[in-house]
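Residue-level structure breakdown
Listed below are the residues making up each chain.
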Amino acid sequence: MMTPEDKMTYYNAVKKMEEMGVNDNYIQGWVAGFLNNPELEEQRITDEWESGFEDGKEHTDANFANFC
């Protein structure tokens, strides 16, 4: 279960990505990584999704601008 701090980090990050116009695949990957979801099937993974997944696992927003 997420802590209140994790919930705020998640909410603020998704809101920030949407406001910045970040690539949808990156956002979906970031969310999956943040929530510790399993990876997609290999044929469905894009570079954007994979980068988002890694950043989400790290709970970082450092690369958002790279995917606008």
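Here the structure is shown first, and the text comes after it.
Let us look at the structure shown here.

What counts and what doesn't
Residues numbered from 1 in each chain as written. Predicted model: local features only at pLDDT ≥ 70, side-chain atom pairs only at ≥ 80, totals over all residues. Heavy atoms only, no water. Salt bridge = Lys/Arg side-chain N within 4 Å of Asp/Glu carboxyl O. Helix = DSSP H or I, 4+ residues; strand = E, 2+ residues; numbered from the N terminus. Phe/Tyr/Trp six-rings, centres within 6.5 Å; stacked < 30°, edge-to-face > 60°. Buried < 20%, exposed > 50% of the residue type's maximum accessible area, 1.4 Å probe, protein only.

Enumeration over the complete set of coordinates arrives at three salt bridges. A salt bridge links Lys16 to Asp61; the shortest N-O distance between them is 3.1 Å. Residue Lys16 is found in helix H1 (residues 4-20), and its partner Asp61 is found in the segment after helix H3 (47-58); the two are separated by 45 residues along the sequence.

On to the packing of aromatic side chains, then. The tally for this structure, following the rule as stated, stands at seven aromatic pairs. With 6.1 Å between their ring centres and 80° between their planes, Tyr26 and Phe64 make a pair best called edge-to-face. Residue Tyr26 is located in helix H2 (residues 24-34), and its partner Phe64 is located in the segment after H3; the two are separated by 38 residues in the primary sequence. The pair Tyr26 / Phe64 is uniform in exposure class, with both members buried. Measuring from ring centre to ring centre gives 5.0 Å for Trp30 and Phe34, while their planes differ by 20°; the resulting arrangement is stacked. Here Trp30 pairs with Phe34, and both are found in helix H2, just four residues apart, close to one helical turn.

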